[in-house]
Amino acid sequence: MDRISTYGASQLYISRIMQTQVRMQKEQLQSTTGYVCEDYSGIAQDSRSAINLENSTALNDAFMSANASIQVRQNTANTALTGAQTSINTLKNRLIAFASGQMKDQTAIRDVQDVAMRTLIELQSSLNTSVDGEYLFSGGRKDTMPVNFPVTKLADFQKMFDGLSATFPTLRGANLLNINLTNQNTGAVNFDATSGLIIPTNAGAYAKVPSGSYVNISGSTQTVSSGTISNDGPITITGHAPSNSGRTPLVETSNAGSGTFLTTSNGTVITNSTTGALSFSYSKDGQMVVTPTTSNSLTTMVPGTRFTINGSDAKIGATSATDNTKLIGTNFYTYGSNATSATGIQINNGDDLSLTMNGTTFTFNASSSNTMADVVTWVNAQVDTSVAPPAIPPHIAQATVDNQGRLTITNLATSAAITVKGALSGVFGISGTATASGGTVGGITPILTSVAPHLLTSLTDGSGAAAFTAGSPLAVPPVAADTLTVNGNTLTIGATTTLTDLVQYIQQYAPGASVAFANGVLTIANGTTAPAIALSGSVQTKLGLPASIGTSTSASSSPTALPAVAGNYDGSFVVTGFDILTGKMTIANDTTQTQPETLDANAIKLWSGNPPVTSGPSVSTGFPPATGSATFTLNGDTVTMTLPTGGSSLSGTFAVGQPITIGGTDSHNGTYEVTGVTANTVSYKINTDMLRAAPFLPQSGRTDLTMTFPTQVKPLDGKNTSPSVPGTIASGNATLDRTVFGGLSFTSSGTIVSSVKDALRDAQGMPYPPAGTLITLKGSSDVNAGVYEITGNDGTNLSVRCKTLTTETGLTQTSMTAQSWYKGDTLTLNTSINQTTTIDTSLTASDPAFEKVIRACGIIAQGVYGTAGGLDQHPERVDAAIALLKDALSHSSTTPMPYGKEEASDLDGLQKKVGLNLAAIKNSNTALTQMKSFFVNRISDIEQISSTEAVSALLADSQALQTSYQALAKMQQMSLINFLK
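Residues numbered from 1 in each chain as written. Predicted model: local features only at pLDDT ≥ 70, side-chain atom pairs only at ≥ 80, totals over all residues. Heavy atoms only, no water.

**Looking at the overall build of the protein**
When helices and strands are counted, the protein shows 17 helices and 56 strands. A total of 981 residues make up the protein; the buried ones form 48% of that total. The contacts of the protein with a sequence gap of at least 6 include a subset with a gap of at least 24, amounting to 66%. For the protein, the computed accessible surface area is about 42900 Å², with 51% contributed by carbon and sulfur atoms. (Helix = DSSP H or I, 4+ residues; strand = E, 2+ residues; numbered from the N terminus. Buried < 20%, exposed > 50% of the residue type's maximum accessible area, 1.4 Å probe, protein only. Contact = heavy atoms within 4.5 Å. Areas by Shrake-Rupley, 256 points an atom, 1.4 Å probe, with all protein chains shown as cover.)

**Considerations on helix α3 (residues 106-127)**
Between its first and last C-alpha, α3 extends 31 Å over 22 residues, near the 32 Å set by a 1.5 Å rise per residue. Inspection of α3 places Ile109, Val112, Gln113, Val115, Ala116, Met117, Thr119, Leu120, Leu123, Gln124, Ser126 and Leu127 among the buried residues, and these make up the whole buried set. (Expected span 1.5 Å × (residues − 1).)

**Quick word on helix α8 (residues 372-381)**
When we look at burial in α8, the residues that qualify are Met372, Val375, Val376, Trp378 and Val379. Here the buried residues of α8 occupy an arc of 165° about the axis, which is enough to place them on one side. (Arc of directions from axis to C-beta.)

**Topic: the packing of helix α13 (residues 848-861) against helix α14 (residues 876-889)**
Between α13 and α14, the least distance of the axes is 8 Å, while the angle of their chain directions is 165°. On the basis of their axis angle, the class for α13 and α14 is roughly antiparallel. The element α13 and its partner α14 pack so that their crossing is left-handed. In contact with Ala849, Lys852, Val853, Arg855, Ala856, Ile859 and Ile860 of α13, α14 contributes Arg877, Val878, Ala881, Leu884, Leu885, Asp887 and Ala888. Along the lines of polarity and charge, the residues of the contact of α13 with α14 split into 10 nonpolar, no polar and 4 charged. (Axes fitted to C-alpha atoms, helices over the stretch in contact; angles between N-to-C directions. Parallel < 35°, antiparallel > 145°, perpendicular 65-115°, else oblique. Left-handed = near helix turned anticlockwise from the far one by under 90°. Nonpolar A, V, L, I, M, F, W, Y, C, P; charged D, E, K, R; others polar.)

**Thoughts on the sheet that holds strand β34 (residues 571-579)**
Pairing is antiparallel across the open sheet formed by 7 strands, whose spatial order is β12-β11-β15-β34-β35-β14-β13. Whereas interior strands pair on both sides, the edge strands pair on one side only; in this sheet they are β12 (269-271) and β13 (278-282). Across the sheet, the axes of successive neighbouring strands diverge by a mean angle of 35°, strand direction being ignored. Pairing of β34 with strand β35 (residues 584-589) involves 6 bridges; the strand directions are antiparallel. Looking at β35, one finds that Phe578 is bridged to Met585. (Pairing = 2+ DSSP bridges.)

**Looking at the sheet that holds strand β48 (residues 744-747)**
What the 9 strands build is an open sheet, ordered β44-β48-β49-β52-β51-β50-β45-β47-β46; its pairing is antiparallel. Only two strands of the sheet have a single neighbouring strand rather than two, namely β44 (699-702) and β46 (728-730). On average, each strand axis in the sheet is tilted by 30° relative to the strand beside it, whichever way the strands run. In this structure, β48 lies alongside strand β49 (residues 751-754), joined through 4 bridges in antiparallel fashion. Each bridged residue has a counterpart across the sheet, and for Leu744 the counterpart in β49 is Ser754.

**Brief notes about the pairing of β49**
Every regular strand shows the same layout, with side chains that alternate between the two sheet faces. Counting the residues that bridge the hairpin from β48 to β49 gives 3 residues, and of these Gly750 lies at a positive phi of roughly 95°. Summarising the sheet, β49 and strand β52 (residues 797-800) pair through 3 bridges and their orientation is antiparallel. Bridge assignment links Val753 to a residue of β52, and that residue is Asn797.

**Digging into the nonpolar core**
Counting residues in each nonpolar core, the largest one holds 56 residues, and the members touching the most others are Leu95, Phe137, Phe157, Trp821, Phe850 and Ile860. Looking at this core, the elements that each hand over two or more residues are α2 (47-99), α3, α4 (154-160), α13, α14 and α15 (907-943). With 9 residues, α13 is the largest single contributor of residues to this core. Counting 26 residues, the second-largest nonpolar core is a separate cluster that includes Phe364, Met372, Ala413 and Ala434. (Core = buried A, V, L, I, M, F, W, Y, C linked by side-chain atoms within 4.5 Å.)

**Points about the side chain of Ser667**
Residue placement: Ser667 occurs in the loop between β40 (659-663) and β41 (670-677). The exposure class assigned to Ser667 is buried, which follows from its relative accessible area of 14%. Once residues within four sequence positions are removed from consideration, Ser667 is found in contact with Arg306, Thr592, Gln593 and Glu597.

**Looking at the pattern of salt bridges**
For the coordinates displayed, the defined rule picks out 16 salt bridges. We note a salt bridge from Glu134 to Arg73, for which the minimum N-O separation is 2.9 Å. In this pair, Glu134 is assigned in strand β2 (residues 134-135) and Arg73 in helix α2, connecting sequence segments 61 residues apart. Relative accessible area serves as the criterion here: at 32%, Glu134 is assigned to the partly exposed category. Put simply, Arg761 and Asp758 hold a salt bridge, and the shortest N to O gap is 3.1 Å. Exposure remark for Arg761: the relative accessible area of 25% places this residue in the partly exposed category. (Salt bridge = Lys/Arg side-chain N within 4 Å of Asp/Glu carboxyl O.)

**A closer look at the confidence of the model for the protein**
A low pLDDT means the predicted coordinates there should not be read in detail. Across the protein, the average pLDDT comes to 83, with 83% of residues at 70 or higher. α13 holds the highest mean pLDDT among the elements of the protein, 97, whereas strand β25 (residues 459-460) holds the lowest, 33. Confidence drops under a pLDDT of 50 for residues 445-477, and excluding neighbours within four residues, the segment shows 124 contacts in the predicted structure. (pLDDT = per-residue confidence, 0-100.)

**Quick look at the packing of aromatic side chains**
On inspection of all chains with the given rule, the structure shows 14 aromatic pairs. Judged by centre distance (6.0 Å) and plane angle (35°), the rings of Phe307 and Phe573 are tilted. With a gap of 266 residues between them, Phe307 in strand β15 (residues 306-310) and Phe573 in strand β34 connect regions that are remote in the sequence. Three or more aromatic residues joined by ring pairs make a cluster, and in this case those are Phe157, Phe161, Phe168 and Tyr214. (Phe/Tyr/Trp six-rings, centres within 6.5 Å; stacked < 30°, edge-to-face > 60°.)

**Observations regarding unusual backbone geometry**
In this chain, Tyr768 is followed by Pro769 through a cis amide linkage whose omega measures 10°. Along the chain, Pro769 falls in the loop between β49 and β50 (774-778). Non-glycine residue Asp132 carries a positive phi angle of around 55°. Inspection of the secondary structure puts Asp132 in the loop between β1 (130-131) and β2. Judged by relative accessible area, Asp132 falls into the exposed class, the value being 76%.

Here you go:
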């Protein structure tokens, strides 16, 4: 050492040593951890990239972790679907085998119903699968068990659904129905036993209750003078009853009237000149099928079209006729200007009427040109052929038709009876034997008279014209217990009394009188030699008839007492189906108008006229002021349109009873009859949606039906008949048709009425079929066809086992509920499996794929063997169930389905959905793994250091530090003293 270091140099040297130490500490950390530094300060330039990359890596890890859970759920769901598929295929194959075997065998039926019930329970188990406490098939309600059937045993299931009065729903909406309708929703409720209807005060209260729904009624029990009455309990809703705006259910008619016109919601008016006569007939579920006379005249009325009917001058259940109406191809016959009408009568070309006397048979065959007069002329022309010339053969019979349409054949022969048979004898109600010397057949009320479901507020007379309707009642309408006394004989009005009964009663006890009805007026004309007619009673007062009608004197009811009816087919409807081949449309009540609406008043267009000319100028100019809103509100069945005040008075243009046509709205366009009007409001009534809960749709004169039932009676050798019973016999089954019972009428209270008195008896006068017999009705229409159990037979009226309503009115504490077996929801669950991909993991037990299977199982399982609702009596259920199961497994849009169009979802699609989800998860995980590798490598490049590089730098700095320490030690030994030595 040849010099002495300065203080500054010494401090600089120490500083460098300390820097080396710091660097060595960093290098020691790097060589130990492999990272450049402990925090981001050491990589400040790349810290943002490192942080973002680390976040991306963490997100990928989170996706992969969640995907693992989703994968488990989807794999479990796939296992459940596979199990369900196995059960469904098992049931389907069993049903196919059953359909090709002994479908009446009790053991086979029990076995297949057991399989159906077992499939139902197995499906419930599969659909209630859960993973980690979360149910897979409950939608968003993962903590709720999705499926809960009320019963799990076949016997209990058949107690709920007997297959007759209580049937398992055949429609998806009814199968999943979940409602609780109270009087707050419905208003006061009426139960009408006569019509089989449940009628709410609020027009659209039952709009969301599908046909076939199994509901429970409560709160209807009440105490009356005769005891306790109630409609409480479960009941099957058989359909909705289309009604008019007067709260009267529509019935079948051949012509709604020449004044009928349709106004669609877009303002199009279709008049009778375009459509021709419009006929109304029932569909199987009780909706109305409208058929125009003019082909292709309703092609614009596609399903969903909303429209109103107005101007119909036909009355409910009435048909007009003239004396030249032909027998063939019509639904009424006439004679002597007295028309008797009905829906459903069918007289075919070649139908016969035979008279047999002393072994000789005289036969009349109907042709397309015959009238009722031809039948009468033919009967009166037949003579006794056993009388040989030159003697004059005597006429054997005389035919007469009274002014009520009743045909009577009287035997003129003195030594032999006449037997009357043939298809026409059943139609006219004259089959049987007329004894010699004045014996008669016939003379009963004709089968063609419309069934009158109400009192004198909805009846028809013998000519088919309506006297009273619920849509246009008397000022004081007759009610039950009202009376009419004719010459001291009193008729008490009952629930089934018709105007025909009234007319017949007057004629019976005033034989010299002629009674007629025309244009809403009842006229009684006393004969020229008859004594005065004495009338009294509440009916006489209400009709405005005098207390006495003298000889050769006529008297008529007050025109105000029997007002003309605006049209009983008027109302608001929606098209639910259209057959392009036949041009027929199916309609239901339009409940859209039950919703309130508010809009700019200036958008509303109003027209007058019947029918209106909607293409012409609106008469609404000046009604609303320059600005303001118009509102439509509903109260019960009355809609009120309210315009802003300040405009012209509505009452100056529209009056009660006149039509108003409304346009420019979303929900209330159409033509209506004004029921109330003020300066700025107009009120009108809309249809009330009523529910049917009756075994039959009301019909009369069904001559197309056959009645088949088991019998122990054996036919004669080589024949299919027996003298001990009517009808034919084949293979142990008896068949009766219109040649026996004429026509069949049906009441909503569960009665089948033969038009031929005592036709349903055997030769000994015993009921045939007897009580307890299962009968099968088939015809050209499915309406009222089916299997029924007879509970009573008086020879003319058959009572069937069924559940009917009890008449109750104005109930304010009732409720209608239905609880669905599905307890989950329909929330769509979209799950992200990476940053850019979302999959639909929604699975619900209410999916159509499962619901169709549940419906098929219920349809098969219902009904006990040997009862009217049993599977042995309803083989059609097997084909329906097979179709549903096939559609549940794999949907086909081209295959006709038994209960209408089904939703497309199927098990095959659900399995593909789950499979695609699993594939998507797998692909996502692969991509996430690859991306994570890229991220980790880049993070490593930024944050990590090579261990070799770190150790080499540490060794170099260590050596440098040791050298520095040695040099520092030398420097510390240097001093002036040592230098001077």
